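# Structural features, examined
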Amino acid sequence: MDHLYDRGLLDTEEYFVVGVHLGHYNSKDPQIYFKGILDQNVTSEHIQNAFKHFIGVVHSAPVYPEYDTFSRLVNIYLEAPPFEFPNHFINVGGQKIIKPEAAYLYDAVWMYAEAVHECILENRDYNNGTLIIDKIKHNTYKSAMGYMLRINEVGDSEGNYSLIARDILEEDPTQYGMYPVGVFRLNENLTALPAFHFYEGGFIDWPDGSPPIDEPPCGFRGEKCIPPKTYTKEILAGVGGGLVLIVTVVGYLVYRNWKYENELASLLWKIDYRDIDFKDHFSGTMNSKCTNMGRRTAIVRVNSQMSLASQGEFDFRQLFTCVATYRGMIVAVRKVRKKHIELTRDIKKELKVMRDLRHDNINPFIGACLDAPNVLVVTAYCGKGSLQDLLENDDIQLDDMFRASLVFDIIRGMIYLHESEIRTHGKLKSSNCLVDNRWVLKIADFGLHEFMKGEDEDDEGDFAKYRNMLWKAPELLRMGCLAPRRGSHEGDVYSFAIILYETHGRKGPYGDIDLPPKEIISRVTNYLGDSPFRPHLGALDTSPKIVTDIIKDCWDEDPVKRPDFKTIRNRLKPMQKGMKANILDNMISIMEKYASNLEALVEERTDQLREEKKKTEDILLQMLPKSVTEQLKRGKVVEAESFDCVTIYFSDICGFTAMSADSSPLQVVSLLNDLYTLFDSIIENYDVYKVETIGDAYMVCSGLPKRNGILHAGEIASMSLHLLKEIKEFKNKSRPGETLKLRIGIHSGPAVAGVVGLKMPRYCLFGDTVNTASRMESNGVALKIHCSPQCKDLLDQLGGYVLKERGLVAMKGKGEILTYWLIGENQQKRLRRLESVYSETGQWPHHSSFNTDEPITFSSSLDYVDEAEDAENTMQNAEDSNFHPLLQSSETYGPEKVEEEEALCNGRQRNDSSANTHNKTVTDHN
Ligand SMILES: Nc1nc2c(ncn2[C@@H]2O[C@H](COP(=O)(O)OP(=O)(O)OP(=O)(O)O)[C@@H](O)[C@H]2O)c(=O)[nH]1
Ligand SMILES: [Mg+2]
């Protein structure tokens, strides 16, 4: 209570505390109830005020005098046996205070005794506890406390309880105590709860003047005050939201309207006449074309062909429409035959709609010029002219892909147009389908009906007038001038059918029907017979059936039966198979294919070229030394070069002339071919350069054009031995069994080399060395190598060569010269020599001699001479003819033999250009 009071909970009178006190009411100390466990300050005003909000239920105090009587009797019995509890003060009137528990105990025993007694009377088992309890339950009895009690159904005694409340303390009116104000008593029928009865004069000093309500009006948890559910908030939110939406929508509409009006008013489409520049494109007569804008039809037919022949972005020969530049853009300008124009709202709307249209297959409307008398309509310029021009131009091939691309462009454009605010075209025809530079077809000349209204009649003449009507649907033709200018969806489909017919037939809208347009129009309009008058479909016999079917359906006499453009698109889809959406993409893909083919082709041709070049180079290389070839290839002049020392080989076949005389020319050629093929393959193994072959003569040189020190003598010597060996095994097919008598001469000395001639450039050697070499050969002996002393010196220096002195030989212009026969060599020595060159220079002296990829093959069939330094010894060996296969297989040449050979060679015609002298006398001093 203290805390409740402190926290102000009792201030509001809202709380009232009902306490239960377990003890009996203590009438001696009515303030005891204010006490807490420790707090003894019961007199505090604070506490006493708090208890104004308290009523308590306590056990009623014993009823007097009944309880007194009981107490007295207990005192008496306590002294009596069996307790014999003495009370010393009994004689002075002192009584022991008997606690109520004694009364309860008394009550319990009494009740039990009553029950047992009843059992005995009823002759039932009083040891049966349940029975005894049953008897006790629901009993009402007068307690020793002096009041009535009742045992309820669970066996508890429902006692006599009093209600205590605060009242002024009897002893001290400034203080309060708790006093019983009433009691709960059992009522008559003893069944219901005990009822409360105020004691006489008893009252409760309710803080509020009356008892507090037992339950808050809304229940303890407010459950009795749940307000019925209302949707006010939702409704408010809904209404608010709705309002916002309405305001937004209205705002948006107003804004749109405002914007629309602004756009209408801003005249974005308006073009200033001064901004249109006709000069850039036209001069002279061209300008007049633009001055006559609007009367183009007659010119069209003549000139349209011309424009199409051109592929450029812009062609100056295009005369059929007036072209100008507007803000850097090429535009088509069309004059409206009106003196002035009143800019009504409808016209403004119409122009705005036109300007807003944007589609790939719709020719963009750029604007209009209203500067009277120049009332102009400006549209984007399409570089390739109209579909009509295209179809009439025989130079342009229309393949299926091309045609399908154009047709689908029309369909796409028309679907867009029919769904737009323009709704219909009304003048769809091939001249109003323009083709731009990218070959995309664009629908043109639609809309602007209000703008054009009242345009002066074009004096184009009957032909042109009726021709223009060939695309018009019959139902519109029948309406005459009442027909709506904007036409109808079905009317556009009819026009499309005629265009499709034109596109496939390429003979105009009515193909080969040779009637004036006026007559055609009359027949189409006044159709009475069974089938309406239409172009002949027979002319389209090469076209796919779906196309002719579509054409038939689209020009049906009954407009209702004509399909719409979406249906047409779906039905014509097979035409598009494998095609890209626009023709340019198709062309690009074709070109890509072509380009990749071309790449392969170029590659192939490059290979061929490379091969041919290589062949040419090879031939050149065969004709000229590599270094010379390189110089010639680079366009340099090859200057004659002088070489200090080279070795030259000449060989000749003795008796060749006589042999040729006996053989057919073919046999001779075949023999020489075989022979030189063999020679060529042999000389490849040496660092030598074949200078030329003339008839049976063979000229080889070493030490040029690449210098090789003195190795040239060795290379030529080894090569000569190799050739000599091979010639002995050479089979002459026309004279089997006969050995060719090869006569070889070698000489070393200085020479000059250079390229002569321009047409058939030859690498030639000049100098006395050449002559001497040739003489060495001509003064030689068949199957022997005749070596000059200069050459022998070099060979000696190189070592490993076996030479035998021949003796003095008289040579023309030279006197007598001591010459030698080269008879053998030590190949190992040559090999070592070349190896040492290789290790010094990192290069083999001759490219093919020691190709590291191939085994060294040179002279492999020759035997070797062991360190043939001792000439005597060697010669001895040579004479023994035991050490060299050359010598083994050949005869030993003595003077007689020489003579014999000499005779063989007599009469031989030398046509060696380099060797101009022939010494026919051979003197062998051996
Ligand atoms: N290259 C090119 N030619 C055009 C262009 N506009 C019109 N033409 C050509 O001008 C010719 C006549 O066009 P228009 O003046 O529109 O006359 P029409 O199409 O026969 O008839 P309507 O449009 O119905 O008045 C067309 O056939 C085309 O050859 C264009 O933008 N570029
Ligand atoms: Mg047109």
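For the structure, check the block above.
The paragraphs below set out a description of the structure included in this document. (Residues numbered from 1 in each chain as written. Chains lettered and ligands numbered in written order. Predicted model: local features only at pLDDT ≥ 70, side-chain atom pairs only at ≥ 80, totals over all residues. Heavy atoms only, no water.)

Moving on to the overall build of the chain. Secondary structure assignment for the chain yields 29 helices and 23 strands. Here the chain holds 926 residues, and the buried ones make up 45% of them. Only carbon and sulfur atoms are counted for the fraction: they give 55% of the accessible area of the chain, which is about 49800 Å². (Helix = DSSP H or I, 4+ residues; strand = E, 2+ residues; numbered from the N terminus. Buried < 20%, exposed > 50% of the residue type's maximum accessible area, 1.4 Å probe, protein only. Areas by Shrake-Rupley, 256 points an atom, 1.4 Å probe, with all protein chains shown as cover.)

Moving on, we get to the pattern of salt bridges. By the definition in use, this model includes 36 salt bridges. A salt bridge links Lys518 to Asp462; its shortest N-O distance comes to 3.9 Å. Residue Lys518 is located in helix 16 (residues 517–525), and its partner Asp462 is located in helix 13 (residues 462–468); the two are separated by 56 residues in the primary sequence. Exposure remark for Lys518: the relative accessible area of 46% places this residue in the partly exposed category. The salt bridge partner of Asp652 is Arg743, with a shortest N-O separation of 4.0 Å. Here Asp652, found in strand 16 (residues 641–653), pairs with Arg743, found in strand 19 (residues 742–756); they are 91 residues apart in sequence, far enough to count as distant. The residues Asp652 and Arg743 share a single accessibility class, namely buried. Each of Glu118, Glu122, Arg124 and Lys135 takes part in salt bridges that share partners, so that together they form one network. (Salt bridge = Lys/Arg side-chain N within 4 Å of Asp/Glu carboxyl O.)

This part takes up the side chain of Asp409. Here Asp409 shows up in helix 11 (residues 400–419). Residue Asp409 is classed as buried on the basis of its relative accessible area, which comes to 1%. Engagement of the side chain of Asp409 in a polar contact is seen with the backbone nitrogen of Leu441, the distance being 3.0 Å. Here Asp409 is in contact with Asn361, Trp439, Val440 and Leu441, once residues within four sequence places are set aside. (Polar contact = N/O pair within 3.5 Å; in protein donor to acceptor, adjacent residues only side chain to side chain. Contact = heavy atoms within 4.5 Å.)

Inspection of helix 16 places Pro517, Ile520, Ile521, Val524 and Thr525 among the buried residues, and these make up the whole buried set. All buried residues of helix 16 fall inside an arc of 130° around its axis, so they share one side. For helix 16, the elements touching its buried residues are helix 13, helix 14 (474–479) and helix 15 (489–505). (Arc of directions from axis to C-beta.)

The strand order across the open sheet formed by three strands is 3-4-5, and the pairing between neighbours is antiparallel. Each having just a single partner strand, strand 3 (140–142) and strand 5 (157–158) make up the two edges of the open sheet. By the bridge criterion, two bridges tie strand 4 (residues 148–151) to strand 5 in an arrangement that is antiparallel. Looking across to strand 5, one finds that Arg150 is bridged to Glu158. Sheet strands touched by helix 4 (residues 100–122): strand 3 and strand 4. Its angle to strand 3, the strand with the most contacts, is close to 130°. (Pairing = 2+ DSSP bridges. Axes fitted to C-alpha atoms, helices over the stretch in contact; angles between N-to-C directions.)

Coordination of the magnesium ion (ligand 2) by the protein involves Asn432 (OD1) and Asp445 (OD), with metal-donor separations of 1.8 Å. In this pair, Asn432 is assigned in the loop between helix 11 and strand 14 (433–435) and Asp445 in the loop between strand 15 (441–443) and helix 12 (449–452), connecting sequence segments 13 residues apart. Judged by its relative accessible area of 5%, Asn432 falls in the buried class. (Donors = N, O, S within 2.8 Å, 3.2 Å for Na, K, Ca; no water.)

Applying the stated criterion across every chain yields a total of one disulfide. A sulfur-sulfur distance of 1.4 Å marks the disulfide that ties Cys218 to Cys225. What sets the handedness of the Cys218 and Cys225 disulfide is the S-S torsion sign, and at about -85° it is left-handed. A relative accessible area of 27% means that Cys218 is categorised as partly exposed. (Disulfide = S-S within 2.5 Å.)

The first and last C-alpha atoms of helix 22 (residues 665–683) sit 26 Å apart over 19 residues, in line with the 27 Å expected at 1.5 Å per residue. Those residues of helix 22 not exposed but buried are Val668, Leu671, Leu672, Leu675, Tyr676, Phe679, Ile682 and Ile683. Seen from one end, helix 22 has its buried residues packed into an arc of 115°, which puts them on one side. Facing away from the buried surface of helix 22 by more than 90 degrees, the exposed residues are Leu666 and Val669. (Expected span 1.5 Å × (residues − 1).)

Along the polypeptide, Asp492 turns up in helix 15. No salt bridge forms around the buried Asp492; measuring N to O, its nearest opposite-charge neighbour Arg562 is 9.0 Å away. (Lys, Arg positive; Asp, Glu negative; His and termini not counted.)

Another aspect to go through is the sheet that holds strand 12 (residues 365–371). The strands making up a sheet associate through backbone hydrogen bonding, with each pair oriented either parallel or antiparallel. Spatial ordering of the open sheet is given by 9-10-11-13-12, a layout of five strands whose pairing is antiparallel. Two strands lie at the open edges of the sheet, namely strand 9 (276–277) and strand 12, each paired on one side alone. Sheet analysis places strand 9 next to strand 10 (residues 322–326), joined by two bridges and oriented antiparallel. When the sheet's bridge partners are listed, Asp277 is paired in strand 10 with Thr325.

For the rest of this paragraph, the subject is the pairing of strand 18 (residues 697–702). Of all six residues making up strand 18, six are buried, and the element is well covered by its neighbours. Judged by which residues are buried, strand 18 turns out to be covered on both faces: Ala697, Met699 and Cys701 on one side and Tyr698, Val700 and Ser702 on the other are all buried. Here five bridges tie strand 16 to strand 18, and the two strands are oriented antiparallel to one another. Looking at the pairing, Thr647 lines up with Ser702 of strand 18. In this sheet, strand 18 lies alongside strand 17 (residues 689–694) in antiparallel orientation, the contact comprising five bridges. From the neighbouring strand, Ile694 faces strand 18, where its bridge partner is Ala697. Here strand 17 folds back onto strand 18, and the loop between the two strands holds two residues, one of which, Gly695, carries a positive phi near 60°.

This part is about the packing of aromatic side chains. What the rule picks out here adds up to 19 aromatic pairs. Residues Tyr25 and Tyr33 carry aromatic rings whose centres are separated by 5.7 Å and whose planes lie at 5° to one another, so their mutual orientation is stacked. With respect to class, Tyr25 is no different from Tyr33; both count as buried. Taking the centre distance of 5.0 Å and the plane angle of 20° together, the rings of Tyr676 and Tyr698 count as stacked. Pair noted here: Tyr676 is in helix 22 and Tyr698 is in strand 18, with a separation of 22 residues, a long-range link. Taken as a pair, Tyr676 and Tyr698 share a single burial class, namely buried. (Phe/Tyr/Trp six-rings, centres within 6.5 Å; stacked < 30°, edge-to-face > 60°.)

Residue position: Asp687 is located in the loop between helix 22 and strand 17. Taking the C-alpha atoms as reference, Asp687 lies 9.2 Å from Met719; in sequence the two are 32 residues apart. A polar contact is formed between the side chain of Asp687 and the side chain of Asn708, at a distance of 2.8 Å.

Let's shift gears to the packing of helix 23 (residues 711–729) against helix 25 (residues 789–798). In contact at an axis separation of 8 Å, helix 23 and helix 25 are set at 100° when each is read in the N-to-C sense. The angle between the axes of helix 23 and helix 25 places the two elements in the roughly perpendicular class. Counting all contacts with helix 23, which are made through Leu711, His712, Ala713, Gly714 and Ala717, the residues of helix 25 involved are Cys791, Leu794, Leu795 and Leu798. Grouping the amino acids of the contact of helix 23 with helix 25 by side-chain chemistry returns seven nonpolar, two polar and no charged. (Parallel < 35°, antiparallel > 145°, perpendicular 65-115°, else oblique. Nonpolar A, V, L, I, M, F, W, Y, C, P; charged D, E, K, R; others polar.)

To continue, consider the nonpolar core. Soluble globular proteins tend to pack their nonpolar side chains together in the buried interior. In this structure, Ile443, Phe451, Phe496 and Leu572 are the most contacted members of the largest nonpolar core, which totals 74 residues. Among the elements that take part in this core, helix 11 stands out by supplying 11 residues, more than any other. Excluding residues that lie within four positions of it along the chain, Ile443 makes contacts with Asn361, Ile362, Asn363, Ile410, Gly413, Met414, Leu417, His425, Leu428, Asn432 and Cys433. With 43 residues, the next largest nonpolar core counts Val668, Ile716, Leu721 and Ile785 among its residues. (Core = buried A, V, L, I, M, F, W, Y, C linked by side-chain atoms within 4.5 Å.)

Everything listed here is a matter of geometry and, on its own, says nothing about what the molecule does.
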